[in-house]
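Structure assessment
Given next are the chains, with one letter for each unit.
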Amino acid sequence: MESGSSERILKMLWKGHQSVGLLVNAMFFSLEDDIAVLTKFKFTNPEGEESNGPLYEMNSSTASELPGSSEGLSSTETTLLISDHQGTAKRYNLFLRRRLMFDKRQQSKDSVFFCDGIRRIDFVLSYVDDPKQEGEKKVERRKEFENNLLKSGLELETEDKKDSEDGRTYFVKIHAPWEVLTTYAEVLNIKMPIRENDIPPAMENPFECMFEPFRLPKKVMNPEPDYFTAPFSKQRQELFFIEDENTFFSPSVRNRIVYYILSRCPYGTEEGKRKFGIKRLLTNGTYTAAYPLHDCQYWKKAKDQNSGNERYTLYTEWARFLRFYKEQPLDLIRRYYGERIGIYFAWLGFYTEMLFFAAVVGAICFFYGLVTMTGNMSSIEICNESIGGAIIMCPLCDVKCEYWKLNTTCESSRYSHLFDNVATLFFAIFMGIWVTLFLEFWKRRQARLEYEWDLVDFEEEQQQLQLRPEYEAKCTLKKKNPVTQELEPYLPLTSQALRFCFSGATVLFWISLIIASMIAVIVYRLSVYAAFASIMENTETLQPISSLLTPQLATSVTASCLNFVIIMILNFLYERIAVWITDMEIPRTHLEYENRLTMKMFLFQFVNYYSSCFYVAFFKGKFVGYPGAYTYMFSKWRNEECDPAGCLIELTTQLTIIMAGKQIWGNIQEAILPWVWNWWRRRRARTNSEKLYSRWEQDHALQSFGPLGLFYEYLEMVIQFGFITLFVASFPLAPLLALMNNILEIRVDSWKLTTQYRRPVAAKAHSIGVWQEILNGMAVLSVVTNAFIVAFTSDMIPRLVYYYAYSTDNNSPMSGYINNSLSVFQISDFPNTTVPAGSTGSFTTCRYRDYRYPPDHEKKYLHTMQFWHILAAKMAFIIIMEHIVFIVKFFVAWMIPDVPSEVKARIKREKFLTIQILHEYELNKLKENLCNRTDYQVEKEVIATEGKRELAQIMG
């Protein structure tokens, strides 16, 4: 018998086309070594009778051990499983311990199949012998778990540790046969193709040729044809477009189904509680890893064409940095990694595209400030020797600081104009509108993806809405679900309240810790300013750069760096605390778990990253007092003052250091650390040549992406989104920095996902989830913060008030502004505890930044009327700007529909055609079933079926 005949016999057996109770003896010959292997197969008939002795028994008691409602299965799911495994699945259990004895040396090291070369490896479990006391318990758990996997219909093949590269790791390879895949495809409501889509494509863009250099080949962008789809049904298999059972379900769908089974499979009872789920087995060390396989090596194609080469295609066309200008192959990403990862890269790519427009406008505003910098009257007067050089300023700290001349801040006042000019107002309004356009256009893009990826009717995947295994394990009490009328575990209200109180107290404690650290940085600013001022004034080596590196700037830069270090340390610690307290709350579902963790992490990082920026923007220099009556923190440190040119330059410095530092550190964490870790693991192995590794060992040596891997990616981008929206009025170049980072971020994320991480388990998602609501909230908050920054942090409003109400020179309206904005203080009015130690020389007064009456006025040191005029103008500006931007935002949101009209029409058309296809199928089946009935009965049934179809079409 030839090997081809052997393969045909095996496929016949695999498809289950043998007659019931047949005993087959098949001869397999290897052409390489002429060894004949006799393999006997036994079948069980539908009544449960066995022939020639069972190789593996599965009776009614075994069927009762299938994952049932106690593990969270619905009654429908349980019925499907029991009916399958009591009938046709019994025949397939005879294959569970089959291992064709081919020479393993003939199998490629890069193979993704069992040793027979036919059954695909859908998942891999790995474990190491544990000689410690817990070893026996782990062996029992593994044995029970794997037996239950066999009972559920999966097929296992174990690689002995002697065959592993390190000589100590076992690998359990898992294959899901056709019956299991079809059963769970119906349980999970997976949509599969029924007919090729014949809807004409949308009209092409006439400017499409302009984007040709950015396009990828069509076979990469569209790896499979577009089909009409319907939820899979085992009873209607002939309706679906099944060319080959081995390729009908894609590897990503297969690994999702297997993981669904693994997450619900029991492994015994401990301490009176039923234990189940691969996650708990990984946590307690029973298994060291659980992962689906990549289809090939990323740097070369697989030798076996049946393995697929999607990983190689993704690496060459997507994950290389030199392809940064190319579009992303979203359909291929979705096919290989699943919809959840696909929607993330779609959002990140769209966000980066929209950043391009914000970056261009921000760069124009920056260049406007650069061009007009030399003509800025404020900096001209400050730098003028006869004006700024003649103005003596009051000391910036008590006792140790000396009087100083205004022109020493000449350079900083010039650079301040780069960000504090008329274009600042325009850019703040523009960004308020840009945020709305970004969110609205993303909704449209998301709606298009939902249609293209068959997610229109998708609410939340059952895997997301099912009870978490941890919830079922820890909740011993049960109550009846009013919807399903089944007993479900629940957590008592008192226990929930206690857990929430503890969780809330923990979050508040850590937020308080952030505020305390920010106050510590403020104290650092106040305490070291005098030291910097003394060093810079008395050190001759610093004189050449004294015009650039002022005490204010040196204090701001060092404080920003210190603040960034504290932020990263607190962030590292809190990430672990947030996961711990979320686990402690015992959320009911996976979706609830992710939402709670998201809100905790975002709230913490919002305070952690933005608190220092809020301090500089809205508090620094606002509550200073005046000479002789300064405001003190803790009655010891005098509050900081802003530079005479304003506090905006310090906010820009703070924002730049934190934003750039976070992006640099993030890329190091995401790219360099995984690479170093994988390199070190390979180096410690007996051989570091990946050519000697098997496919499952190569993937085992990689990093695990983890269930929260995508969560941290979203969190990083949302925090960046806050930097470019909440404080963008102070730094127009922030979108440009974000754009350059995101171009790199896309390729770094794709590179690490393709080369440095194991293949994540595929999961569905129709949107970016709770992050959408967070972005909407930040968009609204950004309008308020930017209005306050323009009003209170920049000097725009005081300059405008002076220009229109207090200017006395018609030829040069802004001349005299600096002198007008500085008040006069009598030196003799200094208290003895704060009087400067240095001599005063020939002057008797000094100036300070405020609008107060001079010492010889009857309202000595009280605020002038100009101060109230400016304050009223600031409040009016905030109200007017917010209303204008909000009105435009709401109008734009109203004008742009969330779902494009073309997509709406295509959705309706596809629903209509799908319903028609399904009803035609039902009608044909009905005609076949009624062929032996009377003509009257057939006609009556046909009329009833056609009436149902017409009614469904009308209601659809």
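Rules used throughout
Residues numbered from 1 in each chain as written. Predicted model: local features only at pLDDT ≥ 70, side-chain atom pairs only at ≥ 80, totals over all residues. Heavy atoms only, no water. Helix = DSSP H or I, 4+ residues; strand = E, 2+ residues; numbered from the N terminus. Buried < 20%, exposed > 50% of the residue type's maximum accessible area, 1.4 Å probe, protein only. Contact = heavy atoms within 4.5 Å. Pairing = 2+ DSSP bridges. Axes fitted to C-alpha atoms, helices over the stretch in contact; angles between N-to-C directions. Core = buried A, V, L, I, M, F, W, Y, C linked by side-chain atoms within 4.5 Å. Disulfide = S-S within 2.5 Å. Phe/Tyr/Trp six-rings, centres within 6.5 Å; stacked < 30°, edge-to-face > 60°. Parallel < 35°, antiparallel > 145°, perpendicular 65-115°, else oblique. Left-handed = near helix turned anticlockwise from the far one by under 90°. Patch = residues over 30% accessible without salt bridge, like charges linked within 9 Å, V, L, I, M, F, W, Y side chains within 5 Å. Areas by Shrake-Rupley, 256 points an atom, 1.4 Å probe, with all protein chains shown as cover. Salt bridge = Lys/Arg side-chain N within 4 Å of Asp/Glu carboxyl O.

1. Looking at the overall build of the chain
When its secondary structure is counted, the chain shows 31 helices and 20 strands. Every one of the 956 residues in the chain was classed for burial, and the buried ones make up 53%. Summarising the internal contacts of the chain: among those between residues at least 6 apart in sequence, 75% fall at separations of at least 24.

2. Quick notes on the sheet that holds strand β5 (residues 169-175)
An order of β4-β5-β3-β10 is seen for the four strands of this open sheet, with the pairing classed as antiparallel. Each edge of the sheet is formed by a strand with only one pairing partner; in this case those strands are β4 (155-159) and β10 (289-291). Direction aside, the axes of adjacent strands within the sheet are offset by 15° on average. Where β4 meets β5, five bridges bridge the pair, whose relative direction is antiparallel. Bridge assignment links L156 to a residue of β5, and that residue is I174. Contacts from helix α5 (residues 135-151) reach β3 (123-128), β4 and β5, with the element oriented near 165° to β3. Where helix α9 (residues 251-262) meets the sheet, it contacts β3 and β5, and its direction lies at approximately 45° from that of β3.

3. Details of the pairing of β5
Of all seven residues in β5, seven are buried, a share of seventy percent or more. Both faces of β5 are covered, namely the face carrying T169, F171, K173 and H175 and the face carrying Y170, V172 and I174. Relative to β5, β3 runs antiparallel, the two sharing six bridges. Its bridge partner being in β5, V128 is matched across the sheet by T169.

4. What about unusual backbone geometry?
A positive phi is found at I586, a non-glycine position, where the angle reads about 55°. Mapped onto the fold, I586 is located in the loop between α20 (551-585) and α21 (590-618). The class of I586 is buried, set by a relative accessible area of 5%. Positive phi is not limited to glycine here, since Y861 has a value of about 65°. A relative accessible area of 7% places Y861 in the buried class.

5. Here we look at the nonpolar core
Formed by 139 residues in total, the largest nonpolar core has its most connected members in W347, Y351, W434, F438 and Y610. In terms of residue count, helix α13 (residues 339-371) provides more of this core than any other element does, 16 residues in total. The residues touching Y610, leaving out its near neighbours within four places in the chain, are Q605, V718, I719, G722, F723, L726, F727 and M778. Ranked by size, the runner-up nonpolar core spans 48 residues in total, among them L150, L156, L188 and I917.

6. Considering the side chain of R334
Within the secondary structure, R334 is located in helix α12 (residues 330-337). Taking the relative accessible area as the measure of exposure, R334 reaches 17% and is therefore buried. Excluding residues that lie within four positions of it along the chain, R334 makes contacts with E224, E339 and W453.

7. Overview of the state of the cysteines
This model, assessed by the stated rule, comprises two disulfides. Disulfide pairing is shown between C383 and C410; the S-S distance is 1.8 Å. Here C383 and C410 share a disulfide; its torsion about the S-S bond, 100°, makes the bridge right-handed. Of this pair, C383 sits in helix α14 (residues 377-383) while C410 is found in helix α15 (residues 410-419), placing the two residues 27 residues apart along the sequence. Among the residues examined, C410 registers a relative accessible area of 12% and is labelled buried. One disulfide bridge connects C394 with C846, the sulfur atoms lying 1.9 Å from each other.

8. Considerations on the packing of aromatic side chains
Enumeration over the complete set of coordinates arrives at 63 aromatic pairs. Ring centres of Y184 and Y260 lie 5.9 Å apart, and the angle between their planes is 65°; on these two criteria the pair is classed as edge-to-face. Taken as a pair, Y184 in helix α6 (residues 178-187) and Y260 in helix α9 lie far apart in primary sequence, 76 residues in all. The residues Y184 and Y260 share a single accessibility class, namely buried. Relative to F249, the ring of F248 has its centre 4.9 Å away and its plane inclined at 75°; by these criteria the two rings are edge-to-face.

9. Focus: the packing of α21 against helix α24 (residues 709-726)
For any two helices packed against each other, one specifies the inter-axial angle together with the distance between the axes. Relative to each other, α21 and α24 sit at 40°, their axes nearing to 11 Å. As the angle between them shows, α21 and α24 are arranged oblique. You can see that α21 and α24 cross each other, and the crossing is right-handed. Side by side, α21 and α24 meet where L597, T598, M601, F602, Q605, F606, Y609 and Y610 of the first sit next to F711, Y712, L715, V718, I719, G722, F723 and L726 of the second.

10. Let's talk about a nonpolar patch on the surface
A cluster of nonpolar side chains, M210, F211, F214, F321, L322, F324, Y325 and L744, forms an exposed patch at the surface whose accessible area comes to about 810 Å². For F214, the position within the fold is in the loop between β6 (191-196) and α7 (218-221).

11. Observations regarding the pattern of salt bridges
A side chain of one charge can pair with a side chain of the opposite charge when the charged atoms of the two come close. Per the counting criterion, the structure on display carries 28 salt bridges. Residue R596 is joined to E585 by a salt bridge in which the shortest nitrogen-to-oxygen separation is 3.1 Å. Here R596 is found in helix α21, whereas its partner E585 is found in helix α20, with eleven residues between them in sequence. On the accessibility criterion, R596 (17% relative accessible area) is buried. Since its relative accessible area comes to 5%, E585 is described here as buried. In this structure, the salt-bridge partner of D795 is R849, at a minimum N-O distance of 2.5 Å.

12. Section: the packing of helix α27 (residues 796-806) against helix α29 (residues 865-895)
Look at α27 against α29: their axes get within 10 Å of each other, and the N-to-C directions meet at 120°. Considered as vectors, α27 and α29 are oriented oblique to each other. Considering only the axes of α27 and α29, their crossing is right-handed. Touching I797, P798, V801, Y802 and Y806 of α27 are M865, Q866, H869, I870, A873, K874 and F877, all from α29.

13. Some thoughts on helix α11 (residues 310-317)
A large share of α11 lies buried, amounting to six of its eight residues. What α11 keeps buried is the set E310, R311, L314, Y315, T316 and E317. In this fold, the buried residues of α11 make contact with α7, α12, α23 (695-700) and α25 (734-756).

14. Digging into the environment of N376
Of note, N376 is situated in the loop between α13 and α14. Classification of N376 as buried rests on a relative accessible area of 14%. The sequence separation of N376 and N421 amounts to 45 residues, and the corresponding C-alpha distance is 9.2 Å.

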